[in-house]
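Summary of structural features
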There are 2 protein chains.
Amino acid sequence: MTYLAKIEQLNSADLAAYRPLILDGDPVGLIWRDNLARLRDHGLDLRDDGDRLIWYAPADFAARNAILAELAQALAAEGYVRGWRNEQLPLLANLHRPVRALIERAAAPVIGVCGYGVHINGTTTRDGVPHMWIARRATTKSVEPGKLDQIAAGGIPYGISVFANLIKESDEEAAIPEALARQARPVGIISYTAQTENGIRADTLYNYDLELPPDFRPHNRDGEVGEFLCLPLDEIARLVRDSDAFKQNSAVVVIDYLIRHGYLKPDDTPDYPALCRGIHRRHPQMHS
Amino acid sequence: MTYLAKIEQLNSADLAAYRPLILDGDPVGLIWRDNLARLRDHGLDLRDDGDRLIWYAPADFAARNAILAELAQALAAEGYVRGWRNEQLPLLANLHRPVRALIERAAAPVIGVCGYGVHINGTTTRDGVPHMWIARRATTKSVEPGKLDQIAAGGIPYGISVFANLIKESDEEAAIPEALARQARPVGIISYTAQTENGIRADTLYNYDLELPPDFRPHNRDGEVGEFLCLPLDEIARLVRDSDAFKQNSAVVVIDYLIRHGYLKPDDTPDYPALCRGIHRRHPQMHS
């Protein structure tokens, strides 16, 4: 395959089939046209405003959450929402804006809640050859079990800073000591819009690079990683391009790394500008 | 100001006022609605195809170029095209696609020819502090004279590879020896759509990072640089954000550098995702 095909594969949602959900003036989600009647049937007061949908929600935070909890439970009872997580995700325009409401994670794609994550490219040099540490996800993970992933990565819960979450995930997933994790350097984002069976995942991942000492060995503490591998970057690039070994979004984090570190060269890569732009997909009406 | 405002400033074209120009099936330019009647009046056979405009040009390369040369001369005679350069720019979909026709550079915005450039971030460390080498453009330059710019940068003429052009510009503009210039590492692109007085500049710049030895001193050979400065990166960042000292697109190349090297931090930068995406603007109907 090509790197571009990997990026396209992750951006499986047809954006024309989605309209931004506005709450308190902020775009906080993306509603699939196939879900609109269903949401209204379950009592969500969604009103048309040109290309946007405005939720006329109660002002009270708890009252909003109760409406969304009832909605999620009803959709789960119907079998439309599966894999209940018992974890609340915030509706918010971005990490620097207030949380407007909460919804059960399994039902988040129905509202198209924007998700945020942090991913660390952990690299080291062996015998003069650049290597990358990679985690194989535990076979018990609900999303893409057994796939290859960054050495540490995870969703950003509301109220924790991006960097604090990086320190936390580095410890839990790979036992990276805090002093070492603090050397991680922010290097940009990837974002994408993936179709799920009942809506969209519109995620923004904050990427960091971390150079690890040659004698460092990660080990997992939280049961989310099956094993760690340390592979030459050329081999990582080949796996990303020519196999489905990597988790889909983690593959695109690697593509971003390969662009930034000169492994992809403009003269040899006809779709170089398309790759650079393709790693940052977003619905045109979402602000950030 | 903010970094985001600098990016917005450069993207001054209203994309809704532009339609892609198709030639031999490839999008090769962007036609401003204010120019459409003018181009047709001057004999360009432009036909509507939904949101696109198809140029029914003669098959012969020389015949096409003759039509565009006549057009450019007529527009110059009317005073609509100014600053004749006596330099031909290619109409092509990207650097890896065939050239479809040529047009005088001064008239290129009228067709909205896509431009390509190469920019080098030349950095070094002084007393443990990261510095960047910056060129002040000669006061005789026709575009943004006297403004600050990367140590070496330039448009990519058709038929020269991106890397060969980097070697050439490094020598001409800053006397960087070829062996040193070859250590430059490709790190991505920026792209933007800038309104000019008679059309659009839709450019893609290929960016490279080059670490320079502490004792290296650039000097100019081609008269295009007034002086070179070596400034701490914090000072460069301040100049980009709070002044108009930098050439507009060169300022955005610096913003890209600041993102990739961790000078901008997600937790301190509410518009971080918007910055990461904003440096890659493009008309939605242009492929690459």
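These numbers come from a predicted model, not from an experiment.

With respect to the relation of the copies chain B and chain A
Each copy of the sequence occupies a distinct position, and chain B is placed on chain A by a rotation of 180° and an axial shift of 0.0 Å, giving an RMSD of 0.0 Å. Taken together, the rotation and translation describe the operation of a two-fold axis. Residue by residue, 100% of the interface of chain B is reproduced at the interface of chain A, so both copies engage with the same surface.

Examining the side chain of Asn65(A)
Residues and elements named next belong to chain A. Residue placement: Asn 65 occurs in helix α3 (residues 61-77). There is a polar contact of 2.8 Å between the side chain of Asn 65 and the backbone nitrogen of Leu 102. With residues near it in sequence (within four places) discarded, Asn 65 still touches Ala 101 and Leu 102.

Describing the packing of helix α1 (residues 3-10) of chain A against helix α8 (residues 248-260) of chain A
Residue and element names in this part refer to chain A. Following both chains from N to C, one finds α1 and α8 inclined at 140°, their axes separated by 9 Å at the closest point. Viewed along their axes, α1 and α8 adopt a mutual orientation that is oblique. Note that α1 runs across α8; the crossing there is left-handed. Contact residues: Tyr 3, Lys 6, Ile 7, Gln 9 and Leu 10 in α1; Gln 248, Asn 249, Val 252, Ile 255 and Leu 258 in α8. Tallied by class, residues from the contact of α1 with α8 come to six nonpolar, three polar and one charged.

Some details on the sheet that holds strand β2 (residues 26-32) of chain B
All names here are of chain B. Judged by pairing direction, the sheet is mixed, and its four strands sit side by side in the order β2-β1-β4-β3 without closing on themselves. Of all the strands in the sheet, just β2 and β3 (46-49) have a single pairing partner and so form its edges. If you compare each strand with its neighbour and ignore which way they point, the axes differ by 35° on average. Of the pairings in the sheet, the one linking strand β1 (residues 18-23) to β2 comprises six bridges and is antiparallel in character. Residue pairing across strands places Ile 22 opposite Pro 27, the latter belonging to β2. Along the sheet face, helix α2 (residues 33-41) touches β1, β2, β3 and β4 (52-55) and points at about 100° away from the line of β2.

Some words on the UniProt feature "domain: Nudix hydrolase" (unreviewed entry) in chain A
Look at the UniProt record and you will see "domain: Nudix hydrolase" (unreviewed entry) annotated at residues 94-256 of chain A. End C-alpha atoms of residues 94-256 of chain A are separated by 22 Å, and the span's content is 25% helix alongside 40% strand.

A look at the domain arrangement of chain A
Residues and elements named next belong to chain A. In terms of domain boundaries, chain A breaks down into domain 1 (3-11 + 115-279) and domain 2 (15-113). Between domain 1 and domain 2, the C-alpha centre-to-centre distance is 29 Å. Each partner contributes to the interface: domain 1 provides 16 residues, whereas domain 2 provides 22 residues. Contact between domain 1 and domain 2 buries roughly 1500 Å² in total, counting both sides, with carbon and sulfur atoms accounting for 58%. The largest contributions to the domain 1 side of the interface with domain 2 come from Tyr 158, Asn 198 and Ile 200, which together make up 46% of the buried area. Here domain 1 is connected to domain 2 by one salt bridge. Taking the shortest distance from any N to any O, the salt bridge between Arg 82 and Glu 197 comes out at 2.9 Å. The tally of links from domain 1 across to domain 2 stands at ten residue pairs in polar contact (both at pLDDT 80 or more). Among the elements of the structure, β7 (114-126), β11 (185-196) and β12 (199-211) are those that each provide at least two residues to the side of domain 1 that touches domain 2. By residue number, the principal contributor to the side of domain 1 that touches domain 2 is β12, which donates four residues.

Calculation criteria
- Within each chain, residue numbers correspond to sequence positions counted from 1 in written order.
- As a convention, the first chain written is A and the first ligand written is 1, with the rest following in written order.
- It should be noted that, the model being predicted, local features are given only for residues of pLDDT at least 70 and side-chain atom pairs only at 80 or more, the latter also being counted only at that level, while totals for whole chains, interfaces and linings use all residues.
- Note that the side-chain values use all heavy atoms of the structure and ignore hydrogens as well as water.
- Least-squares fitting of one copy onto the other uses the C-alpha atoms of those residues that reach a pLDDT of at least 70 in both copies.
- Contacts are assigned to residue pairs with any non-hydrogen atoms lying within 4.5 Å of each other.
- Numbered from the N terminus, helices here are DSSP runs of H or I no shorter than four residues, and strands are runs of E no shorter than two.
- Think of a polar contact as two N or O atoms within 3.5 Å of one another; within protein, one of them needs to be a possible hydrogen donor and the other a possible acceptor, and neighboring residues in sequence only count if both atoms come from side chains.
- To obtain each axis, a line is fitted to C-alpha atoms, and for helices this fit is confined to the stretch in contact; angles are then taken between N-to-C directions over 0 to 180 degrees.
- Roughly parallel here means an angle under 35 degrees, roughly antiparallel means over 145, roughly perpendicular means 65 to 115, and every remaining angle is called oblique.
- Left-handed is the label given to a crossing in which the near helix is rotated counterclockwise from the far helix by less than a right angle, and right-handed is the label when the rotation is clockwise.
- Under the convention adopted here, Pro, Cys and the residues Ala, Val, Leu, Ile, Met, Phe, Trp and Tyr are nonpolar, Asp, Glu, Lys and Arg are charged, and Gly plus all remaining residues are polar.
- We call two strands paired when DSSP finds no fewer than two bridges between them.
- UniProt positions are given in the numbering used here, feature names are shortened, and annotations may be inferred rather than shown by experiment.
- How far each domain reaches was decided by an automatic or database domain assignment.
- Here the quantity called buried area is the accessible surface, traced with a 1.4 Å probe, that two parts lose on coming together, added over both.
- Think of a salt bridge as a Lys or Arg side-chain nitrogen and an Asp or Glu carboxyl oxygen that are within 4 Å of each other.

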